[in-house]
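Residue-level structure breakdown
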Amino acid sequence: MDDFINNTLLKLTSFLKGKEFPLHVPSFNQKEQDLVLDCIKTGWVSSVGSYVDQLERDLETYTGIKKCVVVMNGTAALHICYMSSGVKENDEVLCPSLTFVATANAIRYCDAIPHFVEIEKDTLGVCPIKLRKYLSEIGRIKNGVLFNKNTDRRISALAITHIFGHPAKLEELKQLCDEYSIALIEDAAEGLGSFYRGIHVGNFGKCAALSFNGNKIITTGGGGAVLTNDEELGIKIKHLTTTAKVGHSWLYVYDQLGYNYRMPNINAALGCAQLSKIEDFILTKRKIADCYLELFREETDAFIMKEPEFCRSNYWLNTLVLNNEDQDTIKCLLEKTHSHKIFTRPLWRPLHLLTHFKDCPRMSLELTEKMEHSLLNLPSSVEILDETC
Ligand SMILES: *Cc1c(COP(=O)(O)O)cnc(C)c1O
């Protein structure tokens with residue numbers, strides 16, 4: 001493995017020209033400055049202002065979704081997604097263990113229980129084949145409602161993540177959810193700009209969440225959005241995320257328990273500038289992915305993850321996948337790349353191994369556990385192209 005490690009380091013340092021590269025940083029120019037400055041000059045920096053509306057409408061146009069509601073971060077968006085999809089206290093929500101912790105944390109915010117399910121190799125998303133088999137074993141339908149035979153709890157939804165911007169097997173997963181009458185929730189936090197058979201991710205389930213955190217493909221500083229094709233639900237979501245205030249010029253009346261999850265106008269202004277450039281970012285990211293693919297084309301011990309069949313991925317992060325899991329190799333690669341200021345990252349710890357999720361129900365997660373020690377994310381910011389190619 002030493003040869004592989006040294007060769008990999010050599011490839012990366014030569015491609016990155018010995019320069020320092022973080023995993024992912026945002027790209028700004030005059031446009032961001034102009035719009036943010038406009039908020040400051042006009043005083044519209046906070047919870048109301050025209051950029052919030054503009055960002056919502058621009059996201060609707062870009063993703064083809066009927067209703068978009070922007071919020072203060074992706075985690076809040078997920079919380080609203082679960083709440084709005086009928087997830088109730090004590091329900092189980094099927095969810096990958098291989099995802100960012102927020103996917104499962106937000107299930108707990110609803111006092112529901114994550115039920116971890118296995119992924120598949122091609123997309124690193126939830127495996128529809130294994131899940132179908134598993135549900136046929138542990139599921140019981142009572143009056144059209146799915147229950148977990150072993151715990152007697154209702155299973156109300158399936159959450160899926162489009163890992164690193166690669167769409168999961170959406171058609172098959174949607175089909176499975178329809179058969180069992182459970183809600184599909186897409187954690188599309190990493191997937192803005194990714195399409196499945198020409199349809200933007202986030203359009204397939206009941207609700208979807210986006211994130212515009214600083215490390216995502218576009219950023220609003222901190223921010224997120226809820227997407228839904230159910231227009232009536234979209235209106236309810238807007239109400240719920242804006243403290244459930246009843247519209248009135250001066251009265252303070254609230255008609256339900258609401259949340260102050262709204263995105264400030266100044267963040268939305270940043271988002272409008274960023275979104276207008278997303279297709280340029282993706283073009284650049286696809287070129288960076290091509291460079292990495294070429295760099296590791298003849299490698300026999302590892303490969304670069306490619307966009308799944310029928311998809312256009314945004315290639316948010318590039319991923320080197322080892323053919324054989326090896327904790328020591330990944331550890332050594334992390335150490336060596338970091339000592340050369342190439343800030344690679346390992347995969348998240350699978351969630352079922354975290355203390356606060358250790359007692360959650362789960363299926364066999366062999367591949368998930370194997371992947372923890374098989375993946376390395378490579379620097380993928382758009383600036384890499386200007387400075388290398
Ligand atoms: C970034 C991310 C989130 C959460 O987004 P925040 O805006 O940081 O709260 C959720 N899920 C996934 C898969 C993410 O990558």
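To keep things clear, this report deals only with the structure shown in the data block. (Residues numbered from 1 in each chain as written. Predicted model: local features only at pLDDT ≥ 70, side-chain atom pairs only at ≥ 80, totals over all residues. Heavy atoms only, no water.)

**A word on the side chain of T8**
Applied cut-off: Each helix is a run of DSSP H or I of at least 4 residues and each strand a run of E of at least 2, with the numbering of both proceeding from the N terminus. A 1.4 Å probe rolled over the protein chains alone gives each residue an accessible area, and that area as a share of the maximum for its type sets the label: buried under 20%, exposed over 50%, partly exposed in between. Whether two residues touch is decided by their heavy atoms; if any such pair falls within 4.5 Å, the residues are in contact.
Within the secondary structure, T8 sits in helix α1 (residues 2-15). Residue T8 is classed as buried on the basis of its relative accessible area of 0%. In this structure, T8 is in contact with F296, L320 and L333, ignoring residues within four places of it in sequence.

**Focus on helix α6 (residues 128-138)**
To keep it simple, the criterion reads: Throughout, the arc means that of the directions going from the helix axis to the C-beta atoms.
Those residues of α6 that sit buried are P128, L131, Y134, L135 and I138. Down the axis of α6, the sector holding all buried residues measures 125°, keeping them to one side. Facing away from the buried side of α6, by more than 90 degrees, are the exposed residues I129, K133 and S136. For α6, the secondary structure elements touched by its buried residues are β2 (92-96), β3 (113-117), β4 (139-142), β5 (145-148), β6 (155-161) and α7 (170-180).

**Description of the layout of surface pockets**
Note the cut-off: Cavities and pockets were defined on a 1 Å grid built over protein atoms only: a cavity is a set of grid points that admits a 1.4 Å probe from which the probe cannot escape, a pocket is an open set flanked by protein on both sides within 12 Å along at least five of seven lines, and lining residues are those with an atom within 4 Å of any such point. Grid points are joined across faces, edges and corners, and a volume is the space filled by probe spheres set on the points. Residue type decides the class: Asp, Glu, Lys and Arg count as charged, Ala, Val, Leu, Ile, Met, Phe, Trp, Tyr, Cys and Pro as nonpolar, and the leftover types, Gly among them, as polar.
Of the pockets and cavities examined, the largest pocket occupies roughly 550 Å³. Along its surface, the largest pocket is lined by 31 residues, and F100, N215, K216, W316 and W348 are the ones closest to its centre. Counting only elements with at least two residues in the lining of the largest pocket, the list comes to α4 (74-84), α5 (101-109), β10 (207-211) and β15 (345-346). It is α4 that provides the largest number of residues to the lining of the largest pocket, a total of 3 residues. Grouping the amino acids of the lining of the largest pocket by side-chain chemistry returns 14 nonpolar, 13 polar and 4 charged.

**Re the pairing of strand β16 (residues 375-378)**
We count it as follows: When DSSP locates at least two bridges between a pair of strands, those strands are taken to pair.
Burial of the side chains of β16 extends over both faces: L375 and N377 are buried on one face and L376 and L378 on the other. Pairing analysis gives 4 bridges linking strand β14 (residues 318-322) to β16, with the strands arranged antiparallel. Along β16, the bridge assignment pairs L320 with L376.

**Focus on the site of the ligand**
This is how it is decided: By convention in these notes, a residue is near a molecule or strand provided one of its non-hydrogen atoms lies within 4 Å of it. Here a polar contact is taken to be a pair of N or O atoms separated by no more than 3.5 Å, where protein atoms must pair a possible hydrogen donor with a possible acceptor and residues adjacent in sequence count only if both atoms sit in side chains. The accessible surface values rely on the Shrake-Rupley method and a 1.4 Å probe; as for residues, cover is taken only from the protein chains in view. Assignment to a cavity or pocket requires that more than half of a molecule's atoms be within 2 Å of the site's grid points.
Around the ligand, the structure places 15 residues, and the nearest of them are G74, T75, D187, E190 and K216. In this structure, S211 approaches the ligand through a side-chain N or O atom, which is 2.8 Å from an oxygen atom. Out of a free accessible area of 380 Å², the ligand has 92% covered by protein chains. Most atoms of the ligand, that is more than half of them, are within 2 Å of grid points of the largest pocket. Broken down by element, the residue count for the shell around the ligand peaks at 3 residues, all from α4. Broken down by class, the residue content of the shell around the ligand amounts to 4 nonpolar, 8 polar and 3 charged.

**What about empty space enclosed by the protein?**
Counted under the stated rule, the structure contains 1 cavity of 30 Å³ or more. Taken as a whole, the largest cavity holds about 50 Å³ of empty space. Every residue along the wall of the largest cavity is listed here: H24, V25, P26, S27, K216, I217, Q274, F281 and V382. The class makeup of the residues in the lining of the largest cavity is 5 nonpolar, 3 polar and 1 charged.

**With respect to the packing of aromatic side chains**
Applicable threshold: Two rings from Phe, Tyr or Trp (for Trp, the six-membered ring) form a pair when their centres sit within 6.5 Å of each other. Planes less than 30 degrees apart are called stacked, planes more than 60 degrees apart edge-to-face, and all others tilted.
A complete count under the given rule lists 6 aromatic pairs for this structure. Here Y62 and F195 contribute two aromatic rings whose centre-to-centre distance is 6.3 Å and whose plane-to-plane angle is 80°, an arrangement assigned as edge-to-face. Here the residue Y62 occupies a position in helix α3 (residues 50-63), and F195 occupies one in strand β8 (residues 195-196), the gap between them amounting to 133 residues. Assigned by exposure class, Y62 and F195 land together as buried. Ring centres of Y196 and F204 lie 5.6 Å apart, and the angle between their planes is 85°; on these two criteria the pair is classed as edge-to-face. With a relative accessible area of 13%, F204 lands in the buried category.

**Some points on a nonpolar patch on the surface**
In plain terms, the rule: Patch construction takes residues with relative accessible area above 30% that form no salt bridge. Like charges are linked within 9 Å, and nonpolar side chains (Val, Leu, Ile, Met, Phe, Trp, Tyr) are linked within 5 Å. Salt bridge, as used here: a side-chain nitrogen of Lys or Arg that lies within 4 Å of a carboxyl oxygen of Asp or Glu.
There is a patch of nonpolar side chains on the surface, built from V246, W250, L251 and V253 and spanning about 390 Å² of accessible area. With respect to the secondary-structure elements, L251 resides in the loop between α8 (231-241) and α9 (265-275).

**Looking at the pattern of salt bridges**
This structure, assessed with the given rule, holds 21 salt bridges. Ionic pairing is found between K331 and E335, a salt bridge with its closest N-O pair at 3.8 Å. Within this pair, K331 and its partner E335 are both found in helix α11 (residues 327-339), separated by 4 residues, close to a single helical turn. For K358, the salt bridge identified is with D359, shortest N-O distance 3.5 Å. Salt bridges linked by common partners bring E56, R57, E60 and K238 together as one network.

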